[in-house]
Amino acid sequence: MPELPEVETIRRTLNQLVVGKQIEQVSVHLPRIIQLPEEIEEFRLLLEGQRFHTVERRGKFLRFLLDDFTLVSHLRMEGRYGLYDKLDPLERHTHVVFHFTDGSELRYKDVRQFGTMHLFPKGRELEEKPLKKLGLEPLDEDFSLEAFKAKVAKRTTKIKPLLLNQEYIVGIGNIYVDESLFLAGIHPEREANTLSAKELAELHQAIVSTLQDAVAAGGSSIKSYVNGQGEIGLFQHQLKTYGRKGEPCSVCGHAIEKTVLGGRGTHFCPNCQPLKRKRVRKA
Ligand SMILES: [Zn+2]
């Protein structure tokens, strides 16, 4: 599943591919991708003639800003966009096609069919579901240490599920929560209200730097690419704990452990991230 840095990378790539293009018409091959408006015909008619101004992001949602509307798109598990020529054969699992006046097409493919699209009058999308109740945006200037503390410091919930709750902070996602907690030396099962001021500050910094590094790595480790078919893909990224069960910790050499927390696979170093607040580090 693409997480915030991946969606940000996809957003930047899409911005280069579609801004300025005008929609001639839209084809919808799988109606249930379109959540709003209810009538597919209305979705198609509203988009005709609209031009793409910019592509923005809120959490893991892409926001395509058009002349009069905003298209809100969530890729979920396997949704992907690609820019094609209209003569390119339509591949399997292509569910929505935006036909542009210049003969190119933005195609949405989704093998798992979990992705969603909502169309709103421009600006309205922030006041309604699914964007309305979203929490702090961790890559925004507003994500200050004070704002972070106000959201988490007094909660009795375990820190990892709390960081995954989109009503508190958006888009960090399973992989980067594990990486951030590792960097801050905090066990994923610690209760949020047991974290010291220093630990909260380290965790805040770890979240910001983990996400920023991942976005910056758009150049090397999760770099997006556009293949011959115009499809946007992503390279794999370098991770310190996630997916490394049994491998030596890069800091202390202890084996990385894996557990299940709140239904999510959770990776941590029991030495660098003790459940009791005492960090022991070997040289
Ligand atoms: Zn370690």
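Residues numbered from 1 in each chain as written. Predicted model: local features only at pLDDT ≥ 70, side-chain atom pairs only at ≥ 80, totals over all residues.

1. Here we look at the overall build of the protein
Stage number 1. When helices and strands are counted, the protein shows six helices and 13 strands.
Stage number 2. In terms of overall dimensions, the protein is globule-like: its C-alpha atoms have a radius of gyration of 21 Å, near the 19 Å expected for 283 residues.
Stage number 3. The buried share among the 283 residues of the protein stands at 34%.
Stage number 4. Residue pairs in contact within the protein that sit at least 24 positions apart in sequence constitute 63% of those at least 6 positions apart. (Helix = DSSP H or I, 4+ residues; strand = E, 2+ residues; numbered from the N terminus. Rg over C-alpha atoms; globule rule 2.2 N^0.38 Å. Buried ≥ 20, exposed ≤ 12 C-beta atoms within 10 Å, placed from the backbone. Contact = placed C-beta atoms within 7 Å.)

2. Topic: the sheet that holds strand 7 (residues 94-100)
Stage number 1. Spatially, 1-7-8-6 is the arrangement adopted by the four strands of the open sheet, whose pairing is antiparallel. Pairing within the sheet leaves two strands with one partner each, and these edge strands are strand 1 (23-28) and strand 6 (80-85). The sheet shows a mean angle of 20° between the axes of neighbouring strands, direction not considered.
Stage number 2. Note that strand 6 and strand 8 (residues 104-109) share six bridges and pair antiparallel. In the sheet register, R80 faces strand 8, and the bridge partner there is K109. (Pairing = 2+ DSSP bridges. Axes fitted to C-alpha atoms, helices over the stretch in contact; angles between N-to-C directions.)

3. Topic: the domain arrangement of the protein
How large an interface is tends to be reported as the accessible area lost when its parts come together.
Stage number 1. Each assigned domain of the protein is listed here: domain 1 (4-127) and domain 2 (145-268).
Stage number 2. Facing 16 residues of domain 1, the contacting portion of domain 2 comprises 18 residues.
Stage number 3. Where the side of domain 1 that touches domain 2 is concerned, the elements lending two or more residues are helix 1 (4-18) and strand 6.
Stage number 4. It is helix 1 that contributes the most residues to the side of domain 1 that touches domain 2, eight residues altogether. (Domains from an automatic or database assignment.)

4. A few points about the UniProt feature "binding site: DNA" (unreviewed entry) in the protein
Stage number 1. Listed under "binding site: DNA" (unreviewed entry) in the UniProt record, and renumbered for this structure, are H93, R112 and R155. Separation in sequence by 63 residues is matched in space for these annotated residues, since their most distant C-alpha atoms are 42.5 Å apart.
Stage number 2. On the secondary structure map, R112 appears in the loop between strand 8 and strand 9 (116-121).
Stage number 3. Those residues in contact with R112 that sit more than four places away from it in its chain are R76, M77 and E78.
Stage number 4. Residue placement: R155 occurs in the loop between helix 3 (145-152) and helix 4 (159-164).
Stage number 5. With 16 C-beta atoms counted inside 10 Å, the residue R155 sits in the partly exposed group.
Stage number 6. Setting aside its immediate chain neighbours within four residues, R155 contacts L162, A192 and N193. (UniProt positions renumbered as here; feature names shortened; annotations may be inferred.)

5. Quick word on the pairing of strand 8
Stage number 1. One ladder, built from five bridges, connects strand 7 with strand 8; its direction is antiparallel. In the strand pairing of strand 8, F98 is matched with L106.
Stage number 2. The turn joining strand 7 and strand 8, which pair antiparallel and follow one another in sequence, is formed by three residues; a positive phi near 90° is taken by G103.

6. A closer look at the packing of helix 1 against helix 6 (residues 197-216)
Helix-helix packing is characterised by the crossing angle of the two axes and by the distance between the axes.
Stage number 1. Packing of helix 1 against helix 6 brings their axes to within 9 Å, and their N-to-C directions diverge by 35°. In this structure, the crossing between helix 1 and helix 6 has a hand that is right-handed. Seen from helix 1, the contacting residues are L4, P5, E8 and T9; seen from helix 6, they are L211, A214 and V215.
Stage number 2. Looking at side-chain class alone, the contact of helix 1 with helix 6 contains five nonpolar, one polar and one charged residues. (Left-handed = near helix turned anticlockwise from the far one by under 90°. Nonpolar A, V, L, I, M, F, W, Y, C, P; charged D, E, K, R; others polar.)

7. Section: the nonpolar core
Soluble globular proteins tend to bury their nonpolar side chains together.
Stage number 1. M117, I172, Y176 and L181 are the most contacted members of the largest nonpolar core, which has 54 residues in total.
Stage number 2. The element that contributes the greatest number of residues to this core is helix 5 (residues 173-184), accounting for seven residues.
Stage number 3. Mapped onto the domain boundaries, this core takes at least three residues apiece from domain 1 (4-127) and domain 2 (145-268).
Stage number 4. Contact partners of M117, with chain neighbours within four places excluded, come to I33, I34, Q35, L71, V72, S73 and V96. (Core = buried A, V, L, I, M, F, W, Y, C linked by C-beta atoms within 7 Å.)

8. Things to note about unusual backbone geometry
Stage number 1. Residue P37 is bonded to the preceding L36 through a cis peptide linkage, with omega at -5°.
Stage number 2. In this chain, K129 is followed by P130 through a cis amide linkage whose omega measures 5°.
Stage number 3. Along the chain, P130 turns up in the loop between strand 9 and helix 3.
Stage number 4. For H93, which is not glycine, the phi torsion reads 70° and is therefore positive.
Stage number 5. Of note, H93 is situated in the loop between strand 6 and strand 7.

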